[in-house]
Amino acid sequence: MLDMSKNKTIVFVGDSIGRNQWESFICMLSNSISNQSEVYEQFGNPITKHRGFLSIVFKKYNLTVEYYRAPLLVVVDRFKPQNGSLGAPRGAIRVDKLPRMADRWARADVLVLNSGHWWNIDKTTKMGNYFQVGQVLNKTMDVKEAFQKSMETIISWALSSPKLAESNIFLRSYAPIHFINGTWDRKGTCAAESAPFPITTNFPPESWTNHIISNAVQQMKDHEMKARVLNVTYMTEFRKDGHPSKYREPGFPSSPEDCSHWCLPGVPDAWNELLYANLLSMGY
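Okay, so let's go over this structure. All values derive from a computational prediction rather than experimental measurement. (Residues numbered from 1 in each chain as written. Predicted model: local features only at pLDDT ≥ 70, side-chain atom pairs only at ≥ 80, totals over all residues. Heavy atoms only, no water.)

## Details of the sheet that holds strand β6 (residues 91-94)
The following threshold applies: A pair of strands counts as paired when DSSP detects no fewer than two bridges linking them. Strands here mean DSSP runs of E at least two residues long; helices mean DSSP runs of H or I at least four residues long; both are numbered from the N terminus. Interaxial angles span 0 to 180 degrees and are taken between N-to-C directions of axes, which are lines fitted to C-alpha atoms, for helices over the stretch in contact.
The 4 strands are arranged β5-β6-β8-β9 in an open sheet whose pairing can be described as mixed. In this open sheet, the two strands that pair with only one neighbour each are β5 (75-78) and β9 (136-138). This sheet shows a mean twist of 35 degrees between the axes of neighbouring strands, independent of strand direction. Sheet topology places β5 next to β6; 4 bridges connect them, and they run antiparallel. Counterpart to V76 in the pairing with β6 is I93.

Written out as structure tokens, the structure reads:
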């Protein structure tokens, strides 16, 4: 992968699960570097989970692997709290506008976008974050319509970005979570899981976001872009045993458990092996 990626830029954009995949990718590449001093953060930033942008350089190969935090991919504007205004909007999710950092995403030779975990009513409208198109805040637009519009924004942006016409673009599918006997905020757990689900397990239907992602990729392909779905959903459904659960980072409470993110080494390594296989088949 390193030899294939000389003088290139690989970019991951999305939520913290996307960050998980980026971390895995960095670790996998770094294992092939004998002189670790030649792998470093371009701007001297510490590698913490609280940074929205990180850029790792592999000096020998002139390769940069970047991560941009954009959980919804589109812009989210926060409003100032209004005293005495119970139920007032707390923010606007601008489904027709990408973050200013999107100009940097457009430099990518390989672009991996992910979203999905934040596209639900609990993290949007129930929190007072409504959807906006243009200058109009729409309190009646549902999450599916908003996600569809955000994908249309991604498509339009990609088609208008000259560099991306030659790039390899991936939209990663939804990564399943495995909270058992409750949700993340209601004592859901995965701490006792020590093996994957059996191969014969019948899983629920795929997330509706996957269908919208697949349609978006097809539209890009129709315009002769090198775009694919990085479909990790089914393979990941089995791995109820792969989460940090109560074994959090030092300083984090053990509750609520983390049954969304993934231990490393672990499941995201397989996603990156799938990414590598796709790149090979695309003539990268």
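## Focus on the side chain of H117
This is how it is decided: Summary of the burial criterion: residues with accessible area below 20% of their type's maximum are buried, those above 50% are exposed, and those between are partly exposed, where the area comes from a 1.4 Å probe applied to protein chains only. Two N or O atoms form a polar contact when they lie within 3.5 Å of each other; inside protein one atom must be a possible hydrogen donor and the other a possible acceptor, and for residues adjacent in sequence the pair counts only when both atoms belong to side chains. In this description, contact between two residues means that some pair of their heavy atoms is separated by no more than 4.5 Å.
Along the polypeptide, H117 turns up in the loop between β7 (110-114) and β8 (129-133). Take H117: its relative accessible area is 12%, and that puts it in the buried class. Only 2.8 Å separates the side chain of H117 from the backbone oxygen of A175, close enough to count as a polar contact. Once residues within four sequence positions are removed from consideration, H117 is found in contact with D15, I17, K123, Y174, A175 and I177.

## Thoughts on the state of the cysteines
Such a bond, covalent and formed between the sulfur atoms of two cysteines, is termed a disulfide. Basically, it comes down to this: The disulfide criterion is simple: two cysteine sulfur atoms within 2.5 Å.
The final tally for this structure, using the stated rule, is 1 disulfide. Here C190 is linked by a disulfide to C259, with a sulfur-sulfur distance of 2.2 Å. Around the S-S axis, the bridge from C190 to C259 shows a dihedral of about -95 degrees and counts as left-handed. Note that C190 is positioned in the loop between β10 (168-172) and α4 (208-222) and C259 in the loop between α5 (233-237) and α6 (267-281), a separation of 69 residues in sequence. Grouping residues by exposure puts C190 and C259 together as buried. With no disulfide partner, C27 has as its closest neighbouring cysteine sulfur the one in C263, 13 Å distant. The partly exposed category is assigned to C27, whose relative accessible area is 44%. Overall, the relative accessible area of 32% leaves C263 in the partly exposed class.

## Things to note about the environment of D103
In this structure, D103 sits in helix α2 (residues 102-105). Since its relative accessible area comes to 61%, D103 is described here as exposed. Spatially, the C-alpha atom of D103 lies 25 Å from that of Y276, the residues being 173 residues apart in sequence.

## Brief notes about the pattern of salt bridges
For the record, the criterion: We define a salt bridge as a side-chain nitrogen of Lys or Arg found within 4 Å of a carboxyl oxygen belonging to Asp or Glu.
Applying the stated criterion across every chain yields a total of 8 salt bridges. In this structure, R19 engages E23 in a salt bridge whose closest nitrogen and oxygen atoms are separated by 2.9 Å. Here E23 and R19 lie together in helix α1 (residues 16-30), a separation of 4 residues that amounts to about one turn. According to the relative accessible area criterion, R19 is buried, its value standing at 6%. Taking the relative accessible area as the measure of exposure, E23 reaches 16% and is therefore buried. Ionic pairing is found between E66 and R104, a salt bridge with its closest N-O pair at 3.7 Å. In this pair, E66 sits in strand β4 (residues 63-69) while R104 sits in helix α2, placing the two residues 38 residues apart along the sequence. Residue classification places E66 among the buried positions, given a relative accessible area of 2%. Judged by its relative accessible area of 26%, R104 is partly exposed. Salt bridges here are not isolated pairs; linked through shared partners, they connect E66, R104 and R107.

By themselves, these are just geometric observations and shouldn't be taken as functional.
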